Every structure is written in structure tokens, then in C-alpha cells.
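An overview of the molecular structure
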Amino acid sequence: MLVQIPQAQQQYFNTGATLSYHFRKQQLLMLQAVIRKYESAILEALYTDLGKSAEEAYASEVGFTLNEIKYTLAHLRKWMQPQSVRTNLLNLPGSSKLYYDPLGVVCIIAPWNYPFQLLIAPLIGAIAGGNCAVLKPSELAPATSALVATMIAEVFEQQYIAVVEGEGHTVLPALLQGFRFAHIFFTGSIPVGKAIYQMAAAQLVPVTLELGGKSPAIVTANANVKVAADRIVLGKCLNAGQTCVAPDYLLVHESVLDATITALKDSIERMYGKQPLTNTEYPKIISEKRFQQLLQYLPQGTIVHGGGYDVASRKIEPTLLTQIMPDSNIMQDEIFGPILPIFSYSDHTAALQIVQRQPNPLALYIFTNNSSEERFWMEQVPFGGGCVNNTLWHLANEHLPFGGIGNSGIGTYHGKHSFYTFTHAKPILKTPTWFNPAFKFPPFKGKMKLFKMFMK
Ligand code: NAD
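Now for a description of the structure that goes with this document. (Residues numbered from 1 in each chain as written. Predicted model: local features only at pLDDT ≥ 70, side-chain atom pairs only at ≥ 80, totals over all residues. Heavy atoms only, no water.)

1. Section: helix 9 (residues 225–237)
Residues separated by three or four positions in an α-helix point in the same direction, a consequence of the helix having 3.6 residues per turn. Note the following rule: Think of it this way: any DSSP run of H or I at least four residues long counts as a helix, any run of E at least two long counts as a strand, and we number them from the N terminus. Here the expected span of a helix is defined as 1.5 Å times the quantity of residues minus one. Relative accessible area decides the class of each residue, using a 1.4 Å probe on protein chains only: under 20% of the type maximum gives buried, over 50% gives exposed, and in between gives partly exposed. What makes two residues a contact is simply this: any of their non-hydrogen atoms within 4.5 Å.
Taking 1.5 Å per residue as the helical rise, helix 9 with its 13 residues ought to reach 18 Å, and the 18 Å between its terminal C-alpha atoms agrees with that figure. Along helix 9, the positions that sit buried rather than exposed are Val225, Ala228, Ala229, Ile232, Val233, Gly235, Lys236 and Cys237. In this structure, the buried side of helix 9 is in contact with strand 8 (216–219), strand 9 (249–253), helix 10 (257–272), strand 14 (339–345) and strand 15 (363–367). Of the residues trailing helix 9, Asn239 is marked for its positive phi of about 55°.

As C-alpha cells, then:
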């Protein structure tokens, strides 16, 4: 019975074993050690599941998590300290503090596109916060899922951290049978995110939802077009475009359209060669279903570069599309593949209207060397996070919180923000007993003047 796992974890959590700094530090060190021990096996599993090169897999998955552990270990003691905050006049001579309490038993659900990083990075926050955790890797990355299950079982007791494999729509309801998680941390698609939110709402379980959507990149007339092209191609082709914060589509000012397309073609050839389909560094599409879905987008515009694909290896060339058919699926769905629709615009407001058709993107990338253009996009569009003159890299800065807004998600994590996500900031006012002014107690009659003096 699956539900016995979180129930056993709850009993273990209730013993208080996970509370101390020493315990949390030890567990992070054990996680660090097991990742290092299995490093080459993880890289192999990621190659099996997604065809990622060892270098790409290390930078975007293994190295990423090791970095998070190192940063967390360096700061955990400080984060765990009760934090003193100011006390208002009415409550003086009291003092005020925030105590960061663990949440309890949490559930972490990950997708297939960064199947290692997106499971382990939240786990680091959960451990740092002093919680127990049930991890649900994606069944669509079976090699990584099986390996993570082996690694976690090797270092942690199931009563502390457990991996449950399988399909989410059967696993999660089974886990929730008669058990209330303290938090559900979900990374994945918008429809599944909504289903999880509903399941969680029935038990008033708080959630973090790291979702997707259509993230625009905008190249203005004042952009460094060559640099922009390199950074857009990297963002679109890393993991063959199967990245939640990949630039989904491109808006280019008409004055630099030709130059941008030329530069994009040049960047693609420089990075992936003339034959990307045979380039062993270029990842594949996760499944036949996703591959077929992506192929349907190819005829929805004019192919100005790429367009080739290989059924056997499930690879699709980095592809640039212009003249997109109005209302085509490619501008309704999150593309999640190496196909880049390009639109030209004549003024900001026309470009803004295109962006506003898909509100609240997870990321937005603006390429410009003009500060008023930069400010315009920052102010006009609510989005999760992003870059000026770059793509993706905001995600790799542990000092920045990562997460969406509206349709693209709820909550944030990374660095200290993971710690805050997996703890409850318990506010406490401490009042000394030597001062007990009568005006704070009934009868209140006649004290209005005094109240108004303190509260206005
Ligand atoms: P998905 O929503 O299909 O699946 C994600 C996880 O949820 C898997 O582990 C799956 O087994 C589980 N699941 C599926 N149905 C479930 C249900 N009914 N109840 C509980 N769990 C269920 O997503 P995916 O296809 O694996 O990933 C792609 C999506 O994830 C894209 O939309 C992408 O943008 C998004 N994503 C977001 C981020 C982010 O950080 N914001 C990162 C990566 C991917």
C-alpha cells in the first residue's frame, strides 16, 4: 500500500529526528556523496532518456544540483537561525522573531525534461527545511527514474526520503488516500498542475506549481543581433528545446529581421554543424508521441532554416519558421521542441499585443541596448522571470528566486528561496512581564485618545 510510505514518514517526522542543523547537514552531505558516486551513471541515464551529451547533462542537471547543495550547506545554519525583525511602537518593549519551522512530509513530483535536476533541486530545499519527502520522478524518463530510486534507497531510509515510481495519475491519488501532505511541489504541465491543485485543495494542502507556457523573446531595433542570435539559439536548442524556459517564439523588429535570421542560421551551424541530426551532442525528443506532435508544427509556417528530422533517432533539426499561419496550433501550444516561429513587428504595441495573447509567460527575454525599451517590456508584461540580452541563465543564479506567475505557476525556489518554500515562517512576539500598561486592557472607555496617538 503506497499510502503507508508517507504515513511512516509522518511518524518519523513526529519524533523530531529531522529538526537539528547537524541532521540536515549530514543528509545534504550524503546526498552530495551519492550524486558524486553515481555521476557517470546519471549522465548515462540522461543520455538513454534524452540523448543529452555528458557535458550538457552535467551543466544542466548534475552540476546544477551539486551547486545547490554546496550553496545550501554554506548558508543553512544562518537560514535556520530565528530571524529578528523590528517591533512596532505599540508592542514595545517587546521583541519579534521569525522561526522557520519544517513543514512535515512533503511530496515532490517532477517532469521528464530535466528528470534529475527537477527532482533533486526541490529535494535539497526539503532536506534543508527539515522535512521528510516522497519523490515521484517522471515515468517518461525511465532510466533516470530507476537510477534515482536506487540512489535514494542507498543513502536514505524510506521513512525519511522515499521514491515512488510510476504514472502520476495513479501514484498520487494512491498516496493521498487517507494522508495529508504538508506541501506538494509539482513541476510539469499546466493541465496536470490544475489537477494537482484541485486534489490538494480538497485537503487544504499548500502547493508550489512550476508550470510552463509560451515564453517570448524580443529582438528590438537596438539589439546586438549577433550576440542575441547565439543566446536565442542556445536557449531554443538546449535539450532540443525541451526546456520550460526556452524561448518559445521570437518577435523581431522589422528593421533587423533579415539580419537576425541570417545571424540565427549562422549560430545554429556554428553550434550544431551542418548536419545536426547526426551530431551526437544534439538531444532527441523524449517520446514518439511528442515527436509526432512537433512534426505537425513544421507545415504551419515557411521553413527558412532546418525542417529536417529523423524518425529512428527522434531528432528534429533546429528549425526557423516565418509566415506563421494565423491561429495555427504552434501559436496556441507550448512548443517544447527545437522549432522557432519568428514574427516581425513595426512598433512595441503591436509586439505587445502578440505577447498578451498568452498572458503570464514563465520567462521573457528582451534583447536591446536601449534602457527605455527594456523598461517598457519589464513594466508591460507580468512574467515569471527572465533576462535582458540573454536566455535561460537567470535560472542558474541561485540568488534569484525561480518560478512563474498566473498560468505559469505558483511559488518559487532555488537557493534560500527553496528553504523558505519548504518551511513555515512562524512569527513570534515576545513581551516582557516587567511592563504591563493598563491602557491595553478593558475597560477601554476613555482611552480613545491614547489609541489614536499610537494607531493612526
Ligand atoms: P506532466 O504534467 O505531464 O507530468 C509531470 C509529472 O506529473 C510526471 O511525474 C507525471 O507522472 C505526473 N503526473 C501526470 N499526471 C498526473 C496526475 N494526474 N496527478 C499527479 N501527477 C501526475 O509534464 P511533463 O510532460 O512531464 O513536462 C513538461 C511540462 O513541464 C511542460 O509544460 C514544461 O513547461 C513544464 N516544466 C516546467 C518547469 C518549471 O520549472 N516551471 C520545468 C520543466 C518543465
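2. Observations concerning the side chain of Gln242
Here Gln242 lies in the loop between helix 9 and strand 9. Residues contacting Gln242, with those up to four places away along its chain left out, are Leu50, Trp112, Asn113, Tyr114, Lys284, Ile285, Ile286 and Phe336.

3. Overview of unusual backbone geometry
Look at the link from Leu92 to Pro93: it is a cis peptide, with omega at 10°. If you trace the backbone, Pro93 turns up in the loop between strand 1 (83–85) and strand 2 (95–102). Following Pro442, the chain continues into Pro443 via a peptide bond in cis, with omega recorded as 0°. The backbone of Leu204 shows a phi angle near 55°, a positive value even though the residue is not glycine. With respect to the helices, strands and loops of the structure, Leu204 is situated in the loop between helix 8 (190–202) and strand 7 (207–210). You will see that Asn239, though not glycine, has its phi angle at about 55°, which is positive. Topologically, Asn239 is positioned in the loop between helix 9 and strand 9.

4. Observations regarding the sheet that holds strand 8
Note the following rule: When DSSP locates at least two bridges between a pair of strands, those strands are taken to pair. Under this scheme, a helix contributes an axis fitted over its contacting stretch, all axes are lines through C-alpha atoms, and angles between N-to-C directions fall in the 0 to 180 degree range.
Spatially, 10-13-14-9-8-15-16 is the arrangement adopted by the 7 strands of the open sheet, whose pairing is mixed. The outermost strands of the open sheet, each flanked by one partner alone, are strand 10 (302–305) and strand 16 (385–388). On average, adjacent strands in this sheet sit at an angle of 25° to one another, irrespective of strand direction. Sheet topology note: the strand 15/strand 16 ladder contains 4 bridges and is parallel. Across the sheet, the residue bridging to Leu364 is Gly386, located in strand 16. The strands touched by helix 12 (residues 348–356) within the sheet are strand 8, strand 9 and strand 14, with strand 9 carrying the most contacts at an inclination of about 170°.

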